[in-house]
Each structure stands twice: as structure tokens, then as C-alpha cells.
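Residue-level structural notes
Chain by chain, the residues run as shown.
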Amino acid sequence: MKEKRYVIIGAGMAGILAGIKLLERGEKNFIILEKTGALGGTWRDNRYPGLTCDVPAHAYTYSFAPNPDWSSYYCGGAEIRRYFEKVAADFGVMPYIRFNSEVTSSVFDEANATWTVSVADGSVHEVDIVIAASGVLHHPKIPNIPGLDSFKGHAFHSARWDDSAPLDGSRIGIVGCGSTGIQILTALTGRAKQIVALQRSPQWVMPVPQFDYMEEEREAFRRDPKLIDEIRYNKDYWAAIIRFTEGITNIDGPEMAEIEELCRQHLEDSIKDPVLREKLRPNYRAACKRLIYSWCYYDHVQKPNVYVETGSIDRVEPDGVRMKDGTFHPLDVLVLATGFHADRFIRPASVIGRGGKTLDEAWAVRPTAYYAMALPEFPNFFLLNGPTGPVGNFSLIDIAEAQWGYITQLIDRLKEGNARAVEPTTDAMADYEERRIAAAKKTIFGSGCTSWYLDDTGVPASWPWSYQNFVDSMAKPNFEDYRFAA
Ligand code: NAP
């Protein structure tokens, strides 16, 4: 087997995974290029109060690195970040990470079947294989609200939390009520004098349990990891995941009806004031936008210091937000929980493949990749959690692990030595796109709402088939669909 040289782009969950897995294979000829000074990706960028992963902690864990120490069923962001730091250290990945190394370009040289990866500090790395593990939601979307710059208080995006912003006793406006906005709201009701939730569209909320693990339980997990497996692979949890993916792909079936009924009943049962209840009732189907999983949002939104504003924002003024109907909300802090540009992936770094083809050209209509991992004309270039991969309410760690298992089977072919470059054929890619788009339009994500799942043409960019289909697809590549070049 011929040794390969790798660059992994990004030291978040997926990049750390790739590093660990390469070491496991005895491959040490790699570096992880990380644009910032710390690892953790989304768990490094997001530090907002209330940040919680809405996948149960024992399921949001590498399969090979169970963590007996999780404090609760759903865990906070700081604890998750510490987990990734510990795993990266325990599995020996740290020496391979080059921090403050933002990749600016990756260029393929067809004659030599190598990638030249350039970094902002001027360094250049020549490798055989590029693994782009640069994440999905990492370019904050700043809303174009007139007057935003004139605000005298603290205004900032949720993923760029301003630690100097006064929260206790303050009047806080939160623009956006996606997963982020509602978590911030629930964390601040006990601290703020007043919260104005500036809600353009309400969200459906799925009730979930939350509880702390007691020290005796953690001790038991340490003694007997099988107890952790019982949670990670809990049959009810997996049945819910399967039901969910069945539901989103068969939108008039019983699974979707059950999800919708659960969310509707949660709203009816929880919100006492009929006016507020109607403000919080979405006019689209549950799970069309990514479902909010919360055990406490409806409690907090009913607190006396919370006001849900459903009017349109006209402008930001120095002392607050003016609505189109003239209402003025005086504010000290304005949090923009307005989401991310979900179509960027590795960009703005430029990627130039075979024959000078650029990633921007390949993605002129929409970002896509063959089974979310590879692209024609970009040999030996693989994405983890790339476009069109599953992004539903389940663990992206499991997704990345399955994708890695698939990618290594392609790499093994290269290492066997008969070919130096591999990429999907254009026919295979076209067939995948045709099938994917047709299926995506029929998913719940395409049932009539706006969301970050939709690409510029309104097609959902998420995996449009069942979870089992994903697992089966990842088990083994169809090698006929790939072009292996000597
Ligand atoms: P998001 O789901 O895209 O929500 C953005 C919110 O901002 C929406 O309510 C949107 O309203 C609103 N908005 C955007 N621009 C606006 C404008 N100009 N004026 C008024 N409102 C505006 O973003 P997010 O909440 O950051 O969540 C993104 C994703 O991150 C989630 O779906 C999830 O995948 C992930 N996430 C996960 C967790 C977790 O627990 N695992 C936590 C946080 C985030 P409209 O709906 O009307 O567009």
C-alpha cells in the first residue's frame, strides 16, 4: 500500500474525526489546517447563553469515545467543546493541527495527481488527498435591517457573542426564533429586565425530556460502558429517528401525522393565553423548518418579562427597534439570532480541480456533491458533512463517521496502487442529482415554508431519503460510479 499525504481542512468535530481515523489506520502523513486558534468548530464559535445540543449527549458522541461524564441528557455547548478538546488530546491528534492556518486555495495538478493547498500565512502544502471538514453553519447571516449600525447598545450575531454586553437587568431584543433564538431566550428570562422576541415566523416545538445525570450514574457509566451503549443505542431513541426520517420523506403518512400532532398538542397544552398561542402557531407544517426540540421554551416565553413581537421591523434606531406599525421597543442589547449562510461550506477558499474547474463553477446552481462527499473533476477531494448530506435532528457525528467509512474505501483503492486519482463520473453525479432533487421536493422541507434547508432555487438541500437509506448507501461505494485515473 502506498502512503498518501493528506490535508484536512477544519479542526471541528469532523476534522478531528478524520485525524483520529487516519491515525487508527497507521497513517501519519497528514495535517489539519484550522483557521482559528482553537478547535471545536461550531462549539468554539457559538458561546451564547443557553447553547445546548439538541441531540442527546450520549448520542452526540463519537462511537469510539463514549463519555461517562456528560452532566445531563442534553448537554451545554461548553461541555461539548471540552469533550472535543479531550478526545483530540487523548487520541493524539493535537500535534497534527496547525492553528491560525486559514486555507485560501486548493489547486489540483492533474499531471502529478496532487493538490497544492495554500494558507493565508503564505505556507503551501502539497498533498495527495484533501478532506474538507469545514462545517456547514459557520458564516453568520447578518440581516439587512436599516439603521443597524446606528444602535448605541450592543448588537451582535449569536455566533459572535459579545461578552461585554450587559445582560442582567437589561432590555434585550432577540431577532429570530430558530433553534438558536429560542435557546437564548430561555437562558435570559431569569436575567433580563425585558425580552422582546422579534419573531418573523413562529416555529413548531417538539417537547423533549431533560434531566441531569447523578454522580452515582456517571460512576456506573465509568465502571460499565455497556450502560452508556444502552443510552446511545436506546431502541426508543432510534425508533424516533427512524420515525422522523420516515415522516419527512412520506409526508402524508402516519409518522408525519404523529409528529405534527405532538407539536400541535404541545402548543395547545402549554400556552395559556389564546393571543400568545396564536402568535406562536406556525402556518406551515411541523418539521418543514428544522424542528425546535425544547423542554422549556413554552414555559419561558410565557414569563411576564417576555413580549413576542410579530410585526415587521422597520429599522433599528440608536435606542431600540422601530416596527413598521410605529411601535418602538427600547433596547440595551440586540441579539441577531438570524442564522447562517448555509451554502458556503469550504468557501470563500477557492478550490480548483481538474482542467481548471472551480468549485464556484461546479456550484453555480447549488452546492451539491455525489452522496454529499465528492465531485466530478475534483479528484481526491472529499467532503465530510458536505452539501446534500443529512442535516435532520440527529447526530452529525454519526453521519460523519458513516461518510468516513465510505471515503476510506475509495482511498484504499488508491493506496492499492493502480490509480492515483478518484472522482465520481459526471453521469453518476447527474443521476444522483436528478434522483435527489425529485425526492427532495417531496420531503416535508419542501412543503411550503422558508428555511436554511432550501437552496437558491427552493430545493431542500438535505438528504431526501430515509436514515436507513443513508446507512445502506454509506456501507460500500458503487465503484462503477467512479473514475479511477492512473
Ligand atoms: P435559523 O434556523 O436559520 O433561524 C433564523 C431565524 O432568524 C429565523 O427565525 C428567521 O426567521 C429569523 N430571521 C432571519 N433573518 C431575519 C430578518 N431579516 N428579520 C427578522 N427575522 C429574521 O438559524 P439558527 O436558529 O441559528 O439555527 C440554525 C441551525 O443551527 C438550526 O436549524 C440547527 O441546525 C443548528 N442549531 C442547532 C442547535 C442544537 O441544539 N443542536 C442549536 C442552535 C442551532 P424566518 O423563519 O422567518 O426566516
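Residues numbered from 1 in each chain as written. Predicted model: local features only at pLDDT ≥ 70, side-chain atom pairs only at ≥ 80, totals over all residues. Heavy atoms only, no water.

This paragraph deals with the state of the cysteines. The full count for this structure, using the stated rule, is 1 disulfide. Between the sulfur of Cys 288 and that of Cys 449 lies a disulfide, 2.2 Å long from S to S. In this structure, the disulfide formed by Cys 288 and Cys 449 twists by about -100° around the S-S bond and is classed as left-handed. Of the two residues, Cys 288 sits in the loop between helix H9 (274-279) and strand E12 (292-294) while Cys 449 sits in the loop between helix H13 (426-441) and helix H14 (467-475), which places them 161 residues apart along the sequence. You can see Cys 53 has no disulfide; the closest cysteine sulfur is in Cys 75, sitting 8.8 Å from it. The thiol sulfur of Cys 177 is not disulfide-bonded, and the nearest other cysteine sulfur, from Cys 449, lies at 13 Å. (Disulfide = S-S within 2.5 Å. Helix = DSSP H or I, 4+ residues; strand = E, 2+ residues; numbered from the N terminus.)

Neighbouring the ligand are 22 residues, the closest being Thr 52, Thr 180, Ser 201, Lys 289 and Arg 290. Within the backbone of Thr 52, an N or O atom sits 2.6 Å from an oxygen atom of the ligand. Here an oxygen atom of the ligand and a side-chain polar atom of Trp 452 are 2.9 Å apart. The fraction of the free accessible surface of the ligand (900 Å²) that becomes covered by protein chains is 84%. A total of 3 residues in the shell around the ligand trace back to one element, the largest contributor, which is helix H4 (residues 179-188). By residue class, the composition of the shell around the ligand is 9 nonpolar, 9 polar and 4 charged. Built from parts of two domains, the shell around the ligand gets at least three residues from each of domain 1 (6-139 + 341-485) and domain 2 (148-336). (Near = heavy atom within 4 Å. Polar contact = N/O pair within 3.5 Å; in protein donor to acceptor, adjacent residues only side chain to side chain. Areas by Shrake-Rupley, 256 points an atom, 1.4 Å probe, with all protein chains shown as cover. Nonpolar A, V, L, I, M, F, W, Y, C, P; charged D, E, K, R; others polar. Domains from an automatic or database assignment.)

Residue Pro 348 follows Arg 347 across a cis peptide bond; omega there is 20°. The residue Pro 348 is located in the loop between strand E17 (333-336) and strand E18 (350-352) in this model. Even without being glycine, Ala 372 reaches a positive phi, approximately 75°. Relative to the assigned elements, Ala 372 resides in the loop between helix H11 (359-362) and strand E19 (381-383).

Packed helix pairs are specified by the crossing angle of their axes together with the interaxial distance, meaning the distance between the axes. The interhelical angle for the contact between helix H12 (residues 396-416) and H14, taken along N-to-C directions, is 25°, at an axis separation of 8 Å. Overall, the two elements H12 and H14 adopt an arrangement that is roughly parallel. Across the interface between the two elements, Asp 398, Ile 399, Ala 402, Gln 403, Tyr 406 and Gln 409 of H12 pack against Tyr 467, Phe 470, Ser 473, Met 474 and Ala 475 of H14. For the contact of H12 with H14, the per-class residue count stands at 7 nonpolar, 3 polar and 1 charged. (Axes fitted to C-alpha atoms, helices over the stretch in contact; angles between N-to-C directions. Parallel < 35°, antiparallel > 145°, perpendicular 65-115°, else oblique. Contact = heavy atoms within 4.5 Å.)

Here we take up the domain arrangement of the protein. Splitting the protein by domain gives domain 1 (6-139 + 341-485) and domain 2 (148-336). Relative placement of domain 1 and domain 2: their C-alpha centres are 27 Å apart. Taken together, the contact between domain 1 and domain 2 spans 46 residues of the former and 46 residues of the latter. Summing both partners gives a buried area of about 4,100 Å² for domain 1 against domain 2, and 59% of it is carried by carbon and sulfur. Here domain 1 is connected to domain 2 by 4 salt bridges. The partner of Arg 232 in a salt bridge is Asp 398, with the nearest N and O atoms 2.9 Å apart. Linking domain 1 with domain 2 are 14 residue pairs in polar contact (both at pLDDT 80 or more), by the criterion used here. Residue classes in the side of domain 1 that touches domain 2 are distributed as 22 nonpolar, 18 polar and 6 charged. (Buried area = accessible area lost by both parts, 1.4 Å probe. Salt bridge = Lys/Arg side-chain N within 4 Å of Asp/Glu carboxyl O.)

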